[in-house]
Amino acid sequence: YAGASASYTKLIDAETVDPELFLLRAECYNATGEFQKAGSDIDKYLSLSPGNRKALSLAGKISSAAGNHLDAIRYFTENIRLHPGDPKCYIERADSYFVSKSWQWAINDYSMSLDLDPSNSDAWLNKGLALANQGRTEDACHDLQKSFAMGNRRAAEYINRYCIK
């Protein structure tokens, strides 16, 4: 990633007219943990191409990786506003709520993503875990078992912990 970001920097410095270079370099900086540089590049890209689903998603991931969950949620919320039919947008915001232990908000977004795509076993798993963290064991077990039935073997550990008495 470091080599790729150096190559993108050379192209940008040579004034190559392609805003995509900022997005690509932001991905590289994010991968190497250079979150401030990644954020600057993603902001530059978004100023040139506002509303881009991939860029807003990356902006949220960069903010989250840098520990700024409120900014991450802001980017993910904008992505949902612009792309309300994309279940991935809801999952990304739900994951941020999950990390910040905002269980009900996470549950709401996982539920919305599952309304749009009920075949996502990871969303069922994470929704079940958020429900378990709220003490809603019966609902959690339903979702964990649904995830397991879809082939998500990670759900077995949580089924053992929360559902088998």
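Q: For this particular structure, what's the right way to read the overall build of the protein chain?
A: From N to C terminus, the protein chain includes ten helices and zero strands. Shown N-terminal to C-terminal, the secondary structure of the protein chain runs as helices and strands in the order α-α-α-α-α-α-α-α-α-α. Taking the principal axes of the C-alpha coordinates as reference, the protein chain spans close to 65 × 30 × 25 Å. Across the protein chain, the fraction of contacts at a sequence separation of at least 24, relative to all contacts at a separation of at least 6, is 41%. Of the accessible surface of the protein chain, which amounts to about 8,800 Å², a share of 51% is contributed by carbon and sulfur atoms. A distance of 4 Å separates the average location of the 19 positive side-chain charges in the protein chain from that of its 21 negative side-chain charges.

Q: Help me out: how do you make sense of the state of the cysteines in this one?
A: Here, the word disulfide means a covalent bond between the sulfur atoms of two cysteines. Overall, the coordinates contain one disulfide when judged by the stated rule. Put simply, Cys141 and Cys163 are joined by a disulfide, and their sulfur atoms are 2.1 Å apart. The chirality of the disulfide connecting Cys141 with Cys163 is left-handed, given an S-S dihedral of about -110°. Placement of the pair is Cys141 in helix H9 (residues 137–149) and Cys163 in the segment after helix H10 (155–162), with a sequence separation of 22 residues. Taking the relative accessible area as the measure of exposure, Cys141 reaches 11% and is therefore buried.

Q: Looking at this structure, I do not really get the side chain of Asp86. What am I missing?
A: Inspection of the secondary structure assignment puts Asp86 in the loop between helix H5 (69–82) and helix H6 (87–99). Of note is the side chain of Asp86, whose polar atom sits 3.1 Å from the side chain of Arg53. Look past the residues within four positions of Asp86 in its chain and what remains in contact with it is Arg53 and Leu116.

Q: Just checking my understanding: could you explain the pattern of salt bridges for this structure?
A: Side-chain pairs of opposite charge can arise where the charged atoms are in close proximity. Tallying each qualifying case throughout the model produces twelve salt bridges. Close ionic contact of Glu78 with Arg81 constitutes a salt bridge, the shortest N to O distance being 2.7 Å. Of this pair, Glu78 and Arg81 are both found in helix H5, three residues apart, which corresponds to roughly one turn of the helix.

Q: Even after reading the chapter, I still don't get the nonpolar core, so can you show me in this structure?
A: When a protein is soluble and globular, its nonpolar side chains tend to lie buried together. Within the largest apolar cluster, 16 residues are counted, with the highest numbers of intra-cluster contacts made by Leu23, Ile42, Leu46, Ala55, Leu58 and Ile62. When sequence neighbours within four positions are dropped, the list of residues in contact with Ile62 reads Ala26, Asn30, Phe35, Ala38, Gly39 and Ile42. Within the second largest apolar cluster, nine residues are counted, among which are Tyr97, Tyr110, Leu114 and Ala123.

Q: Explanation requested: the side chain of Asn79 in the structure shown.
A: Structurally, Asn79 is set in helix H5. Setting aside anything within four residues of it in sequence, one finds Asn79 in contact with Asn52, Arg53, Leu56, Ser57, Cys89 and Glu92.

Q: Looking at this model, I keep getting lost on the environment of Ala72. Mind explaining?
A: Following the sequence through the fold, Ala72 ends up in helix H5. Note on Ala72: relative accessible area 0%, which makes it buried. Remark: the alpha-carbon pair of Ala72 and Glu92, spanning 20 residues in sequence, is separated by 9.1 Å. Not counting the four nearest positions on each side in its chain, Ala72 is found in contact with Gly60, Ser63, Ser64 and Ser96.

Q: What should I look at first to understand the packing of H6 against helix H7 (residues 103–116) in this one?
A: Packed helices, taken two at a time, are described by the angle between their axes plus the distance between the axes. Where H6 meets H7, the closest approach of the two axes is 8 Å, and the angle between their N-to-C directions is 160°. Classified by the angle their axes make, H6 and H7 are roughly antiparallel. The handedness of the crossing between H6 and H7 is left-handed. Judged by residue contacts, Pro87, Tyr90, Ile91, Arg93, Ala94, Asp95, Tyr97 and Phe98 of H6 engage Trp103, Trp105, Ala106, Asp109, Tyr110, Met112, Ser113 and Leu116 from H7. Across the contact of H6 with H7, the residue classes tally to twelve nonpolar, one polar and three charged.

Scoring rules and cut-offs
Residues numbered from 1 in each chain as written. Predicted model: local features only at pLDDT ≥ 70, side-chain atom pairs only at ≥ 80, totals over all residues. Heavy atoms only, no water. Helix = DSSP H or I, 4+ residues; strand = E, 2+ residues; numbered from the N terminus. Contact = heavy atoms within 4.5 Å. Areas by Shrake-Rupley, 256 points an atom, 1.4 Å probe, with all protein chains shown as cover. Lys, Arg positive; Asp, Glu negative; His and termini not counted. Charge placed at Lys NZ, Arg CZ, Asp CG, Glu CD. Disulfide = S-S within 2.5 Å. Buried < 20%, exposed > 50% of the residue type's maximum accessible area, 1.4 Å probe, protein only. Polar contact = N/O pair within 3.5 Å; in protein donor to acceptor, adjacent residues only side chain to side chain. Salt bridge = Lys/Arg side-chain N within 4 Å of Asp/Glu carboxyl O. Core = buried A, V, L, I, M, F, W, Y, C linked by side-chain atoms within 4.5 Å. Axes fitted to C-alpha atoms, helices over the stretch in contact; angles between N-to-C directions. Parallel < 35°, antiparallel > 145°, perpendicular 65-115°, else oblique. Left-handed = near helix turned anticlockwise from the far one by under 90°. Nonpolar A, V, L, I, M, F, W, Y, C, P; charged D, E, K, R; others polar.

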